[in-house]
Every structure is written in structure tokens, then in C-alpha cells.
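# Examining the three-dimensional arrangement
Below are the chains, spelled out letter by letter.
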Amino acid sequence: MIFRNNRAEMTERMYFVLFEILLVVLVAGIIFAKIEDVRTNQLFQKKFLARDLALVKNVEYSAPGVLVYAYGKTNPVFSLFEVALQEGTVTVGQTPYPFAADANAKFSSVPVAGTKGIALVRSEGEQWVGLEQQVNPLRLNCPALPSVARVTLDAGHGWSRILADKGEPAGDKGIETSAGHESEITRRLGAGVYGHEPAFYAVTRDLKEDSPMLLEERQRKIEGTLLSLHASTVQTVKAYVNAHGKNRDESIALACHVLNAITDAFPAAFSGASVIPVDIPRLAPDDAKRVLVADKPGVLLEIGNIADASSPLYKNPNRLADAIHGVAKAKKVIS
Amino acid sequence: VKRAVISLQMLPWALRVIFVVAVLITLILFINAHFNAKITIFNAEASSLTTRLLYHEDIMQYDAALQRLVQGTVDAQKCKALTDARLDKSISYGANARHIAGAFSVTIGARPVCGAVFNRDYYEYLDVQRRAGGVFGTGVSVKTVRVPVRVSDGKASLPGMMEITVLGES
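Reference entry: report on the structure contained in this document.

What counts, and at which threshold
Residues numbered from 1 in each chain as written. Chains lettered and ligands numbered in written order. Predicted model: local features only at pLDDT ≥ 70, side-chain atom pairs only at ≥ 80, totals over all residues. Heavy atoms only, no water. Contact = heavy atoms within 4.5 Å. Buried area = accessible area lost by both parts, 1.4 Å probe. Salt bridge = Lys/Arg side-chain N within 4 Å of Asp/Glu carboxyl O. Helix = DSSP H or I, 4+ residues; strand = E, 2+ residues; numbered from the N terminus. Pairing = 2+ DSSP bridges. Axes fitted to C-alpha atoms, helices over the stretch in contact; angles between N-to-C directions. Expected span 1.5 Å × (residues − 1). Buried < 20%, exposed > 50% of the residue type's maximum accessible area, 1.4 Å probe, protein only. Core = buried A, V, L, I, M, F, W, Y, C linked by side-chain atoms within 4.5 Å.

Turning our attention to the interface of chain A and chain B. The partner chain B presents 36 residues to the 41 residues of chain A that form the contact. Both faces considered, chain A and chain B share a buried interface measuring about 3,500 Å² in area, 66% of it formed by carbon and sulfur atoms. Taken together, the connections running from chain A to chain B amount to zero salt bridges. Elements that contribute at least two residues to the side of chain A that touches chain B include exactly helix H1 (6-41), helix H2 (43-62), strand S4 (95-98), helix H7 (248-265) and strand S13 (272-278) of chain A.

Pairing between the strands of a sheet comes from backbone hydrogen bonds, and it takes one of two forms, parallel or antiparallel. All names here are of chain A. Pairing in this open sheet of six strands is mixed, and the strands run S10-S9-S11-S14-S12-S13 from one edge to the other. Strand pairing shows two members of the sheet lacking a second neighbour, strand S10 (201-203) and S13, which therefore form its edges. Ignoring which end each strand starts from, the neighbouring axes of this sheet average 25° apart. Its contacts with the sheet place helix H5 (residues 182-194) against strand S9 (151-154), S10, strand S11 (225-231) and strand S14 (298-303), and it is angled at close to 140° to S11.

Residue and element names in this part refer to chain A. Here H5 spans 18 Å end to end across 13 residues, near enough to the 18 Å set by a 1.5 Å rise per residue. Of all the positions in H5, only Glu-182, Ser-183, Ile-185, Thr-186, Arg-187, Leu-189, Gly-190 and Val-193 are classed as buried. Those residues of H5 hidden inside the fold are in contact with S9, S10, S11, S14, helix H8 (312-315) and helix H9 (317-330).

Residues and elements named next belong to chain B. In terms of burial, strand S3 (residues 100-108) is largely enclosed, as eight of its nine residues are buried. Where S3 lies against strand S6 (residues 157-169), eight bridges are found, and the strand directions are antiparallel. Among the inter-strand pairings, Ala-103 is bridged to a residue of S6, identified as Thr-165. Bridging between S3 and strand S4 (residues 111-118) involves seven bridges; their strand directions are antiparallel. Counted as the bridge partner of Gly-102 is Phe-118 from S4.

So, on to the nonpolar core. One finds A:Ile262, A:Leu301, A:Ile303 and A:Ile324 to be the most contacted residues of the largest nonpolar core, which totals 45 residues. Among the elements that make up this core, the one with the highest residue count is H7(A) (nine residues). Leaving out residues up to four positions away in the same chain, A:Ile324 has contacts with A:Leu189, A:Val193, A:Leu227, A:Leu229, A:Val258, A:Ile262, A:Leu301 and A:Ile303. The next biggest cluster of nonpolar side chains, apart from the first, holds 28 residues, and it includes B:Ala46, B:Val74, B:Phe104 and B:Ile108.

Quick look at the sheet that holds strand S5 (residues 140-152) of chain B now. Residues and elements named next belong to chain B. Sheet architecture is open: six strands sit in the order S1-S2-S5-S6-S3-S4, paired in mixed fashion. The sheet terminates laterally at strand S1 (60-63) and S4, the two strands that pair on one side only. Strand-to-strand twist of the sheet, defined as the mean angle between neighbouring strand axes without regard to direction, takes the value 35°. Each of S1, S3, S4, S5 and S6 is contacted by helix H2 (residues 42-54), which is oriented at about 150° to S6, the strand it contacts most. In this fold helix H5 (residues 120-131) packs onto S3, S4, S5 and S6, with an angle of close to 80° to the strand it touches most, S6.

If you want it as C-alpha cells, here you go:
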């Protein structure tokens, strides 16, 4: 005790009280300063976003083939921070985080700020980052388009309305849903393509009225390049080619350009687009892809989704037909 | 006067309680800040790197006609020709090389077939640290997977094992 009388004792206690008040104010001040720091720097958000983007890039590099990841379409963080992706590093604000790039692949990037989303694209030998609205994320790098002398359209699915009305075996409608069936949908699409330039196109089945037809007969009717039209039950567009065909590279190039034309025409309609070479002898005997003969160029298109009434198959078959015809005529050889 | 003295005696206790509460809040905030600073995604990163090796074009068999990797089949010739430098180029952290490191090896029974390490310097540094770890831990995160594979030399295909180890600082 410093002071010996009562008043002095009281004064001493007051000093301790004042000291404790000072201490509390100091601690509270430090806490509020820390909270403010965390709030203004948005530390967690930046670190989270940087790591998340780095992980997405890692996964993209890990996945075989072409992969597209539309990131943050509804994510408001892109309007808060400047996001930059250089080879091997994601930077959000000033917060960097590394990812494992592939130095063998070309890497292109644009700085992204104040946007609503970006697209991270991995295609053959290339990594691409850009504003989502500026890219068709499904676009493939295609080889040069081959010359096409004549295109044979293979539409329908071998179902006969006439035979069905008579109560006789009427053939196959293909995939059938409440929205429609493959026989009718693909025939309508085929007619749309054919109508652009009838002299340029041949057909396997009649486009006005579908009917059953043996595979061998359809194969015999192929003149020039085959374009077989099908639908699927998923929201993708796939192009199958014969992996061991004589004209394999030509078929792949044509398939690639057709896919690009379709996904350009309907940028948001499909979740994936791919060219798939298939080993025909390994397929089931009744597989539709068996129409892809080995000695002629050919592509079997599977355009989905037949169960979705808002699919371009129903909503805009003419534009779909325009896109397909646009590729077919681009390298047409005038005879 | 007596009541006033009692009130004055209680004031320091009230302040002490407030002080203790403030200290506890500070502690919580520091723990929170620590978690923010140390968001660890090693497991996810290691998984994607593992996948990357399992689909690596310089390790796995590739069917040029189908344009597809033959999943789960190691091409022994390509794998043997794969060097650390080439693997480093295909899994490149660039200037951030001291971030994560990994190695793989392929064996048929006890016989080694091929293997390589990416970020070898960092891998060896972490590996020493991992092996020398004591009671307080090693400071190294480790993920190891062993995957049954087929090993093809172009003529025959034999069952083998691929082991992948990814190391990072924890």
C-alpha cells in the first residue's frame, strides 16, 4: 500500500480502476482494429477464391480430353476482386495461389475484373481463360475442312406411319419421349438441311415418310460423305466417326466443324460437344453407328436432348439445319 | 458513504470480467484468423495430381486411332523413357515449385518397371523431413495411393501396381 490514510487509499484504488479501464479500452481497440482489417481485406473470400480457382485448373489439367468449366456465372466475387490467371498462378486481389500448369500446352489468359463469370477451357494442347460471355466454351480446335463433293443425309429411324396405321409391324421409332421421337425429329431436321440445296444432297431413307430399311441398304445408298442424324437423351452434341475408316481424318475434320457450327449457333443449349472415333467391329450388331462404313467419310451426329421440349431440336430445327448445311456447303466441290 | 464504497469495490470486478471476456474474444478471433491464413487444400490438390498421373499421356497407353488413353494400362516403353525433367514440364508449378511434389513408381510383382519424380529437389527435402519427424509431427502432408494397373510392352500385358506419393508442407 502506497498511501497510509483513508483518502489516499481511495485515491490508490481509483488509480487501479483507471488502469483497468485503460486496459479494457486498449484490448477492445485492438479487437475492433483486427475485425475491421479482416472485414476490409475480405481475407477469407480472397483466399478461398484463389484456392478454388487453382483447384479447378488442377482438375482441368488432370482430366483427359477437352474440358470446359464455366466459373462463377452467379458468383458476385468477380465484381469485388480482380482475378488474374498466369501460367501456374491464380491471383485474386493481391492473394496468389499456385496450380500445376502444363508447360507443353499453350496458355492464354485475360485479366478478369468486374465481370459476372469466366470460362476456363482446356482443349487439345491449349488452356484458355477468358470472359465467359466472349467465348463459345465448347468450341473445338478443328483441322482444315475437307472438300465435300456430295453429302448423303441419313435421317429417320426406320419407323413407318403407314404400316403402323395398318396395324402391321412398323419398325423402330428410336428414342421416344413425351416430347417426341427420334424418327420424326431427325427426319424433320434432315428435310431442313436437304431443302437448302437438293442437288447437293442424297438421302438414305425418304425424308418425307420414314420406313424400315436394312443397314446394308442404307450403306449402299451412301454417295460422297455420310451425315447420319440422331438425337440423344442428354444435353450434349456428339459426333461419332469410324476410327479405322479409310477417311478417318477427313471425317474427324468434318465432325469437328459441324460441332462448332452447332454450338456457335446455340451457345447455351449444350453442355458438351465431342468428336468420338469408335471401333465399329466392337459395337453391338444393332448399334446405329454401324452405318459408318470404312471406305467412305462419315459422321454420325447425336444431338440432344430429345426429352427436353425447349431443345433446339424442337424450338429451332431450321437454325440447326442452317448450321449443318453451312458446314457442308463451305467446302463443296462444284461438279 | 458505505454504499458508495461497496459500489466502488465492485467496479474493479466488473472491469475484470469485461477484460476476461475481451481476452477470450481476442483468442477466438486469433484462432479464426489462423484458420483463414491456413486453409489447407492439400488433399484435394494431391487427388487431382494423382489423377493427372493416372491419365498421363507419357505413362499410359494411348490408342491413336480412337484418340483415347487406355485407362489403367501403363505403356512400359513410354514410361521408361519418361524423365524427371519431362514430368516437371508437364506438371509445372513454375516459380512456385516449392509448393507440392510427387513421385510414382510402377512395379510388376517386386520388379520395378518405371518411375519418376516431379519437383525432385523439393520432394527429397520433404521426404527427409517426413522420415525424421518426431513426437511433434513431421510438418509434411502425405498422400499415397496404390492402383492396380496393366503393364503393356506392346506384346504382352501383365498385372502390376502403380504407387503414387504426393508430399506437401502442412
